[in-house]
Amino acid sequence: MKPHVVITNAADIDFRTDYVALPKNYGTDAYFARKDVKEIYRTVYRNLDLLNEKTGFAKKFASCERLYVKPNLVSVYHKSGMKDSDYPESTDPRVFDAVIAYLKQFQKNIVITESSGKPMPTRTSFKVAGYDRIARYHKTGLVALETCPVVRYLLPKAEVMKEVYIPEIYQDIIEGKSCYVSVPKLKTNIYTGVTLGFKNAMGTIPYALRERNHNYYINKKLADLLYLFQPDLIIIDGIIGGEGNTPAPVDPVDSHVIISGTDPVGTDEVATRIMGIDPATVPLMTEARRRGFGSPDLEISGDTPPVFSFRRANPSLMDDEFHRQFPNVLALAGHCLPHAPKISSLSEVTPEIARQLELACDGGCLNALRSGFEYVIYAPQKNMPLPLTVIIGGGIMIDGNRYWFDRDGNAYDKNRIRSLNRPVLTLGNCGSVLNDIASYKTPGCCSPSACMLAATGAMKIPFPLLSLKNESFFHFGLSAVSMVASRAWSCLRGRWIDCPSEHKDQIYPVPEVPAESQKLDYIPWPLPRMDWHMRMRLFLDQLRILKL
């Protein structure tokens, strides 16, 4: 059967109750009698019944050994110390509950899997959102992937992420024994434009591998992962969508739609159009299509697609909106990456070129730092007038001197930056050339959490998830220590749970592949037995997680 997408519109009722965290009475007759819950069940079942009629996915699920179902719980923002109680960052647990109930008709052996964003322990995400109760109610498995042993594959066709570590339990998916269902939230994303069905797989790879090439290579890296495995079914939760700068808090959109499909790229493109965004303007989508992923014969059924105008993610520190919100933050850009504008004289730099220099590493430290500033915006109390100079890039060499440029194209060298007499924040490894005059440093390429924490630190507010105003603070802390201890103990025992942590702007090398294997999508690449040097290196990598 041809790949298919189904769109189902929910009734126009209020869905803004418990859309982030389940209520205490989940699982009772009173809960299932609620108008919003009944409508979500009706919408999910109507959607998946039609998709099954068109594609017969249920037969495939019934014959597989196991069904792995992954939500998007990068962070769960519920009573997390920000100005509002809830933000639509994560897959709606009411929708996920309905999805599990539907899938149980065809496969009883279901495992819910996820790994939240570092350093958020997934066990905390499960508890805050209520996914632990969904698992108990439906008698499914529940696995936090960050503590799982990993296996390794080599991807001959990959352009960036040629070496992939993946949880050992996902081997069954890659080998075709088990099936994989992706259940993301309909939302924008500051790194990739949107984060939907196939980008959700970022949460399946371990922490250190996520941070490799988490820079201008990020779209290529995610497209590479499609060679290894793809969702058998995508179910996009658009009951309450999210617009803004994910992974920071995003604002709710009453989109009231469920989108499902069997083609991950095609389904995501349909969802992107529903958000009011042209997929041709989203590099993640165009990169996947360039590689040949996504069917040209996609069929669409169901209700008339709604079209919204989601506010697009915006990583810039030079745009007018950011300048209005943080008038005393001076962003200075000077990337000399191969694809950045080539500058030979100070007079060449216009405001437009300055912005191109700033966004030359779209997908990395800049995006993470802007996410950090979003936490300031959504904080109950904020110090947005505080002065700060942000250094983006390693500077452009002109006549033997390094220069960076502001939003108007004005040039700054080290002496002029020092003369401003204000705190300096250096971004990533690139900006480290000015670390001697920096008050805030964010080493890495890229360490998203370090960049976010630097922004809130510079604005003199606590990071919300790490503050006592977060009602789950103590569970977060205990779970984080437990998670790190588990990972560290695995390393000491010689069990691989991640790749070594490295932050270099490079495509990491792999062994040369024989000519007869170069057309393969993937090759199993067994991990070596760990010596004590590697055990200690990985052990110390885990302890550094707690430094955040």
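All of these numbers come straight from a predicted model, not from anything done at the bench.

Reading guide: rules and limits
Residues numbered from 1 in each chain as written. Predicted model: local features only at pLDDT ≥ 70, side-chain atom pairs only at ≥ 80, totals over all residues. Heavy atoms only, no water. 1 Å grid on protein atoms, 1.4 Å probe; cavity = no way out; pocket = protein on both sides within 12 Å on 5 of 7 lines; lining within 4 Å. Points joined across faces, edges and corners; volume = space filled by probe spheres on them. Helix = DSSP H or I, 4+ residues; strand = E, 2+ residues; numbered from the N terminus. Salt bridge = Lys/Arg side-chain N within 4 Å of Asp/Glu carboxyl O. Buried < 20%, exposed > 50% of the residue type's maximum accessible area, 1.4 Å probe, protein only. Pairing = 2+ DSSP bridges. Phe/Tyr/Trp six-rings, centres within 6.5 Å; stacked < 30°, edge-to-face > 60°. Contact = heavy atoms within 4.5 Å.

Regarding the layout of surface pockets
Approximately 460 Å³ is the volume attributed to the largest pocket. Taken together, 22 residues line the largest pocket, and the ones lying closest to its centre are Lys118, Ser447, Ser501, His503 and Arg544. Looking at the lining of the largest pocket, the elements that each hand over two or more residues are α8 (207-211), α16 (448-458) and α18 (532-545). Here the element with the most residues in the lining of the largest pocket is α18; it accounts for 5 residues.

Some remarks on the pattern of salt bridges
Enumeration according to the criterion identifies 35 salt bridges in this entry. Close ionic contact of Asp36 with Arg34 constitutes a salt bridge, the shortest N to O distance being 2.6 Å. With its nearest N and O atoms 2.6 Å apart, the salt bridge here joins Lys60 to Asp232. Separated by 172 residues along the polypeptide, Lys60 in helix α3 (residues 57-63) and Asp232 in the loop between α9 (218-225) and β12 (233-244) bring together distant segments of the chain. When its relative accessible area of 18% is taken as the criterion, Asp232 is described as buried. If you follow the salt bridges from partner to partner, you end up with Glu159, Lys220, Asp224, Glu287, Arg290 and Arg291 in one network.

As for the sheet that holds strand β23 (residues 523-524)
Strand order in this open sheet of 3 strands is β8-β7-β23, and the pairing throughout is antiparallel. The open sheet terminates on both sides in strands that have one partner only, identified here as β8 (163-167) and β23.

Regarding the packing of aromatic side chains
Inspection of the entire model under this criterion finds 27 aromatic pairs. Between Tyr41 and Tyr45, the ring centres sit 5.9 Å apart and the planes meet at 25°, which makes this aromatic pair stacked. Here Tyr45 and Tyr41 lie together in helix α2 (residues 35-55), a separation of 4 residues that amounts to about one turn. Through a chain of ring-to-ring contacts, three or more aromatic side chains come together here, namely Tyr26, Tyr31, Phe32, Tyr41, Tyr45, Tyr102, Phe106 and Tyr137.

What to know about the environment of Phe326
Checked against the element boundaries, Phe326 lands in the loop between α12 (320-325) and β16 (329-333). By relative accessible area, Phe326 is classed as buried at 0%. Considered as a pair, Phe326 and Met459 are 133 residues apart in the sequence and their alpha carbons are 9.9 Å apart. Aside from chain neighbours lying at most four places away, what touches Phe326 is Phe373, Val376, Ile377, Met384 and Met459.

Regarding empty space enclosed by the protein
Using a probe with the size of a water molecule, rolled over the atoms, empty space left in the structure can be pinpointed. Per the counting criterion, the structure on display carries 5 cavities of 30 Å³ or more. The space that makes up the largest cavity amounts to roughly 580 Å³. Along the walls of the largest cavity sit 35 residues, with Val74, Gly117, Lys118, Arg210 and Pro247 positioned nearest its centre. Of all the secondary structure elements, the ones that give two or more residues to the lining of the largest cavity are β10 (185-189), α8 and α16. Considering every element that reaches the lining of the largest cavity, the biggest residue donor is α16, with 4 residues.

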